[in-house]
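# Structural features, examined
Below, each chain spelled out in residue letters.
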Amino acid sequence: MEVGRAGLYAYSEAELDRAEGEAIESLKVHCQQAIPDPDKWLEEEVQRNILLTSVDFMLNWARRSSLWPVVCFPACCAFEFITTAASRFDISRFGMEIIRASPRQADLMITAGTLTWKMAPQVKRIYDQMAEPKWVIAMGSCAISGGIFAASYSVVPGYNRIIPVDVYVPGCPPRPEALLYGIRMLHNKISRRSITEGW
Ligand code: SF4
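Read on for an overview of the structure. (Residues numbered from 1 in each chain as written. Predicted model: local features only at pLDDT ≥ 70, side-chain atom pairs only at ≥ 80, totals over all residues. Heavy atoms only, no water.)

### Side note on the overall build of the chain
- Looking only at helices and strands, one finds seven helices and six strands in the chain.
- The order of helices and strands in the chain, counted from the N terminus, is β-β-α-α-α-β-α-β-α-β-α-β-α.
- Compactness check: the chain gives a C-alpha radius of gyration of 31 Å against a globular reference of 16 Å for 199 residues, more than 25% above the reference.
- Principal-axis analysis of the C-alpha atoms places the extent of the chain at approximately 100 × 55 × 40 Å.
- Taking as baseline every contact in the chain between residues at least 6 positions apart, the subset at least 24 positions apart corresponds to 76%. (Helix = DSSP H or I, 4+ residues; strand = E, 2+ residues; numbered from the N terminus. Rg over C-alpha atoms; globule rule 2.2 N^0.38 Å. Contact = heavy atoms within 4.5 Å.)

### Quick notes on the site of the ligand
- As a matter of local geometry, the ligand sits amid A75, C76, C77, G113, T114, S141, C142, G171, C172 and P173.
- Split by residue class, the shell around the ligand holds six nonpolar, four polar and no charged. (Near = heavy atom within 4 Å. Nonpolar A, V, L, I, M, F, W, Y, C, P; charged D, E, K, R; others polar.)

### A closer look at the sheet that holds strand β6 (residues 167-169)
- Strand order in the open sheet made by the four strands is β3-β4-β5-β6, with parallel pairing throughout. Looking at the sheet topology across the chains shown, the edges are occupied by β3 (69-70) and β6.
- Strand direction decides the pairing type here: strand β5 (residues 135-139) and β6, joined by three bridges, are parallel. In the sheet register, I137 faces β6, and the bridge partner there is V167.
- Across the face of the sheet, helix α4 (residues 77-85) comes into contact with β4 (108-112) and β5 while running at roughly 130° to β4.
- Here helix α7 (residues 176-191) sits on the sheet in contact with β4, β5 and β6, set at roughly 155° to β5. (Pairing = 2+ DSSP bridges. Axes fitted to C-alpha atoms, helices over the stretch in contact; angles between N-to-C directions.)

### Side note on unusual backbone geometry
- Residue P133 is bonded to the preceding E132 through a cis peptide linkage, with omega at -10°.
- Looking at the secondary structure, you find P133 in the loop between α5 (120-129) and β5.
- Residue P173 is reached from C172 by a cis peptide bond, and omega for that bond is -10°.

### As for the pairing of β4
- Counting buried residues along β4, five of its five residues qualify, which places the element largely inside the surrounding structure.
- Neither face of β4 is open: one carries L108, I110 and A112, the other M109 and T111, and all of them are buried.
- Relative to β4, β3 runs parallel, the two sharing two bridges. Bridge pairing in β4 links V70 to M109.
- Read as a crossover between parallel neighbours, the route from β3 over α4 to β4 is left-handed.
- Here β4 pairs with β5 via five bridges, running parallel. When the sheet's bridge partners are listed, I110 is paired in β5 with I137.
- Of the crossover connections in this fold, the one passing from β4 over α5 to the parallel β5 is right-handed. (Buried < 20%, exposed > 50% of the residue type's maximum accessible area, 1.4 Å probe, protein only. Right-handed = clockwise from strand over helix to strand, strands pointing away.)

### Structural notes on the packing of aromatic side chains
- Considering all chains together, one arrives at one aromatic pair under this definition.
- On the basis of an interplanar angle of 25° and a centroid distance of 4.6 Å, the ring pair of F73 and F81 is categorised as stacked.
- The ring of F57 carries R64 above its face, with NZ or CZ at 6.0 Å from the centroid.
- Stacked on the ring of Y127, the Lys or Arg K134 has its end atom at 4.4 Å from the ring centre. (Phe/Tyr/Trp six-rings, centres within 6.5 Å; stacked < 30°, edge-to-face > 60°. Lys NZ or Arg CZ within 6 Å of the ring centre and 35° of its normal.)

Dropping the structure here:
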(Lines give C-alpha, C1' and ligand atoms only; values in the text may rest on other atoms or scores of the structure.)
Protein backbone atom coordinates (compact mmCIF):
# COMPACT_ATOMS: atom_id res chain seq x y z
CA MET A 1 0.00 0.00 0.00
CA GLU A 2 1.09 3.51 -0.63
CA VAL A 3 0.40 6.77 1.22
CA GLY A 4 -1.12 9.38 -1.08
CA ARG A 5 -0.55 13.13 -0.96
CA ALA A 6 -3.63 13.63 1.17
CA GLY A 7 -2.26 11.11 3.67
CA LEU A 8 -4.88 8.46 2.73
CA TYR A 9 -3.99 4.83 2.00
CA ALA A 10 -4.47 3.65 -1.55
CA TYR A 11 -3.84 0.25 -3.16
CA SER A 12 -0.99 -0.01 -5.62
CA GLU A 13 -1.71 -1.28 -9.13
CA ALA A 14 0.05 -4.56 -8.36
CA GLU A 15 -2.15 -5.17 -5.34
CA LEU A 16 -5.27 -4.33 -7.30
CA ASP A 17 -4.24 -6.86 -9.97
CA ARG A 18 -3.55 -9.51 -7.34
CA ALA A 19 -6.87 -8.93 -5.59
CA GLU A 20 -8.73 -9.08 -8.89
CA GLY A 21 -6.91 -12.28 -9.87
CA GLU A 22 -7.81 -13.91 -6.54
CA ALA A 23 -11.47 -13.02 -6.99
CA ILE A 24 -11.51 -14.51 -10.49
CA GLU A 25 -9.68 -17.68 -9.41
CA SER A 26 -12.09 -18.15 -6.51
CA LEU A 27 -15.07 -17.74 -8.83
CA LYS A 28 -13.59 -20.24 -11.31
CA VAL A 29 -13.08 -22.84 -8.59
CA HIS A 30 -16.67 -22.56 -7.43
CA CYS A 31 -18.06 -22.68 -10.96
CA GLN A 32 -16.24 -25.86 -12.01
CA GLN A 33 -18.58 -28.14 -10.05
CA ALA A 34 -20.86 -30.25 -12.23
CA ILE A 35 -24.42 -28.99 -12.56
CA PRO A 36 -26.70 -31.67 -11.09
CA ASP A 37 -28.90 -33.47 -13.64
CA PRO A 38 -32.55 -33.24 -12.51
CA ASP A 39 -33.38 -36.39 -14.54
CA LYS A 40 -30.57 -38.51 -13.11
CA TRP A 41 -33.02 -40.73 -11.25
CA LEU A 42 -34.64 -41.76 -14.58
CA GLU A 43 -33.37 -44.77 -16.49
CA GLU A 44 -31.64 -43.93 -19.77
CA GLU A 45 -34.30 -45.73 -21.82
CA VAL A 46 -37.04 -43.65 -20.21
CA GLN A 47 -35.09 -40.40 -20.62
CA ARG A 48 -34.86 -40.90 -24.37
CA ASN A 49 -38.56 -41.63 -24.86
CA ILE A 50 -40.47 -39.12 -22.76
CA LEU A 51 -41.58 -35.77 -24.10
CA LEU A 52 -43.28 -33.35 -21.76
CA THR A 53 -45.71 -30.82 -23.18
CA SER A 54 -49.23 -29.53 -22.64
CA VAL A 55 -52.48 -31.07 -23.89
CA ASP A 56 -53.28 -27.78 -25.63
CA PHE A 57 -50.01 -27.87 -27.59
CA MET A 58 -50.51 -31.48 -28.73
CA LEU A 59 -54.14 -30.97 -29.78
CA ASN A 60 -53.41 -27.70 -31.58
CA TRP A 61 -50.38 -29.19 -33.32
CA ALA A 62 -52.46 -32.16 -34.53
CA ARG A 63 -55.33 -29.95 -35.68
CA ARG A 64 -53.26 -27.40 -37.56
CA SER A 65 -51.18 -30.14 -39.20
CA SER A 66 -54.19 -31.95 -40.67
CA LEU A 67 -56.73 -29.37 -41.82
CA TRP A 68 -59.04 -31.01 -44.34
CA PRO A 69 -60.75 -28.55 -46.72
CA VAL A 70 -64.30 -29.17 -47.89
CA VAL A 71 -65.38 -28.56 -51.49
CA CYS A 72 -66.74 -25.00 -51.74
CA PHE A 73 -65.40 -23.34 -54.87
CA PRO A 74 -68.27 -21.53 -56.62
CA ALA A 75 -66.32 -19.19 -58.95
CA CYS A 76 -63.03 -18.13 -60.53
CA CYS A 77 -60.93 -17.95 -57.31
CA ALA A 78 -61.21 -21.73 -57.36
CA PHE A 79 -58.49 -21.91 -60.00
CA GLU A 80 -56.04 -20.15 -57.69
CA PHE A 81 -56.95 -22.65 -54.99
CA ILE A 82 -56.38 -25.52 -57.45
CA THR A 83 -52.94 -24.05 -58.25
CA THR A 84 -52.19 -23.76 -54.54
CA ALA A 85 -53.08 -27.41 -54.07
CA ALA A 86 -51.05 -28.59 -57.07
CA SER A 87 -47.40 -29.59 -57.04
CA ARG A 88 -45.77 -26.17 -57.54
CA PHE A 89 -47.18 -24.63 -54.35
CA ASP A 90 -48.30 -27.89 -52.75
CA ILE A 91 -50.52 -27.78 -49.66
CA SER A 92 -49.79 -31.44 -48.93
CA ARG A 93 -46.82 -30.24 -46.84
CA PHE A 94 -49.46 -28.94 -44.40
CA GLY A 95 -51.32 -32.26 -44.41
CA MET A 96 -54.32 -30.82 -46.28
CA GLU A 97 -54.02 -32.12 -49.83
CA ILE A 98 -57.13 -34.30 -49.76
CA ILE A 99 -60.17 -32.14 -50.51
CA ARG A 100 -63.14 -33.72 -48.80
CA ALA A 101 -66.40 -34.17 -50.69
CA SER A 102 -68.26 -34.73 -47.43
CA PRO A 103 -68.53 -31.92 -44.85
CA ARG A 104 -68.50 -34.55 -42.12
CA GLN A 105 -64.85 -35.33 -42.95
CA ALA A 106 -63.73 -31.69 -43.18
CA ASP A 107 -62.84 -28.98 -40.70
CA LEU A 108 -61.87 -26.13 -43.06
CA MET A 109 -63.95 -24.24 -45.62
CA ILE A 110 -61.98 -22.15 -48.13
CA THR A 111 -64.63 -20.03 -49.80
CA ALA A 112 -63.05 -19.48 -53.20
CA GLY A 113 -65.52 -17.53 -55.27
CA THR A 114 -68.60 -15.36 -55.63
CA LEU A 115 -71.60 -16.55 -53.63
CA THR A 116 -75.12 -15.89 -54.86
CA TRP A 117 -78.10 -15.75 -52.52
CA LYS A 118 -79.51 -18.75 -54.39
CA MET A 119 -76.48 -20.84 -53.37
CA ALA A 120 -76.16 -19.39 -49.87
CA PRO A 121 -78.47 -21.89 -48.08
CA GLN A 122 -76.47 -24.82 -49.51
CA VAL A 123 -73.13 -23.31 -48.41
CA LYS A 124 -74.54 -22.66 -44.94
CA ARG A 125 -75.80 -26.24 -44.77
CA ILE A 126 -72.35 -27.56 -45.72
CA TYR A 127 -70.79 -25.40 -42.97
CA ASP A 128 -73.37 -26.53 -40.40
CA GLN A 129 -72.65 -30.19 -41.19
CA MET A 130 -68.87 -29.84 -40.74
CA ALA A 131 -67.40 -31.31 -37.58
CA GLU A 132 -66.36 -29.06 -34.69
CA PRO A 133 -63.92 -27.41 -34.31
CA LYS A 134 -64.05 -25.89 -37.80
CA TRP A 135 -62.62 -22.86 -39.55
CA VAL A 136 -63.33 -20.67 -42.57
CA ILE A 137 -60.94 -18.79 -44.87
CA ALA A 138 -62.67 -16.18 -47.07
CA MET A 139 -60.60 -16.18 -50.26
CA GLY A 140 -60.85 -13.23 -52.66
CA SER A 141 -62.75 -9.95 -52.82
CA CYS A 142 -66.04 -11.66 -53.65
CA ALA A 143 -65.79 -13.85 -50.55
CA ILE A 144 -64.88 -10.88 -48.37
CA SER A 145 -67.38 -8.29 -49.59
CA GLY A 146 -69.03 -9.39 -52.82
CA GLY A 147 -66.14 -7.81 -54.76
CA ILE A 148 -67.04 -6.30 -58.12
CA PHE A 149 -70.54 -7.78 -57.75
CA ALA A 150 -71.19 -6.24 -54.34
CA ALA A 151 -73.95 -3.98 -55.65
CA SER A 152 -75.72 -6.84 -57.40
CA TYR A 153 -79.14 -7.95 -56.11
CA SER A 154 -78.12 -11.60 -56.39
CA VAL A 155 -74.68 -11.69 -54.71
CA VAL A 156 -74.00 -12.19 -51.00
CA PRO A 157 -71.82 -9.22 -49.89
CA GLY A 158 -69.36 -11.42 -48.00
CA TYR A 159 -69.54 -14.96 -46.64
CA ASN A 160 -69.44 -13.53 -43.12
CA ARG A 161 -73.12 -12.63 -43.63
CA ILE A 162 -74.01 -16.33 -43.39
CA ILE A 163 -71.09 -18.10 -41.62
CA PRO A 164 -68.26 -16.99 -39.25
CA VAL A 165 -64.97 -16.25 -41.04
CA ASP A 166 -61.56 -16.71 -39.35
CA VAL A 167 -59.13 -15.37 -41.98
CA TYR A 168 -59.67 -13.00 -44.92
CA VAL A 169 -57.38 -13.28 -47.97
CA PRO A 170 -57.86 -10.20 -50.22
CA GLY A 171 -57.28 -10.04 -53.98
CA CYS A 172 -59.15 -10.59 -57.24
CA PRO A 173 -58.06 -13.30 -57.36
CA PRO A 174 -55.47 -13.71 -54.58
CA ARG A 175 -52.32 -15.46 -55.75
CA PRO A 176 -51.42 -18.86 -54.26
CA GLU A 177 -48.76 -17.20 -52.09
CA ALA A 178 -51.48 -15.04 -50.51
CA LEU A 179 -53.64 -18.08 -49.81
CA LEU A 180 -50.66 -19.90 -48.29
CA TYR A 181 -50.06 -16.87 -46.08
CA GLY A 182 -53.72 -17.00 -45.02
CA ILE A 183 -53.37 -20.71 -44.21
CA ARG A 184 -50.30 -19.95 -42.07
CA MET A 185 -52.29 -17.24 -40.26
CA LEU A 186 -54.99 -19.80 -39.56
CA HIS A 187 -52.34 -22.19 -38.22
CA ASN A 188 -51.22 -19.45 -35.81
CA LYS A 189 -54.80 -18.89 -34.72
CA ILE A 190 -55.31 -22.61 -34.07
CA SER A 191 -52.04 -22.69 -32.07
CA ARG A 192 -53.53 -20.22 -29.59
CA ARG A 193 -56.63 -22.35 -28.84
CA SER A 194 -57.23 -23.80 -25.41
CA ILE A 195 -58.97 -27.07 -24.66
CA THR A 196 -61.24 -25.17 -22.28
CA GLU A 197 -62.38 -22.79 -25.05
CA GLY A 198 -66.12 -22.96 -25.63
CA TRP A 199 -66.86 -24.90 -22.42
S1 SF4 B 1 -62.47 -12.26 -56.30
FE2 SF4 B 1 -62.15 -12.01 -58.51
S3 SF4 B 1 -61.29 -13.97 -59.15
FE4 SF4 B 1 -62.23 -14.30 -57.14
S5 SF4 B 1 -64.31 -15.03 -57.54
FE6 SF4 B 1 -64.41 -12.80 -57.34
S7 SF4 B 1 -64.21 -12.01 -59.45
FE8 SF4 B 1 -63.49 -14.15 -59.46
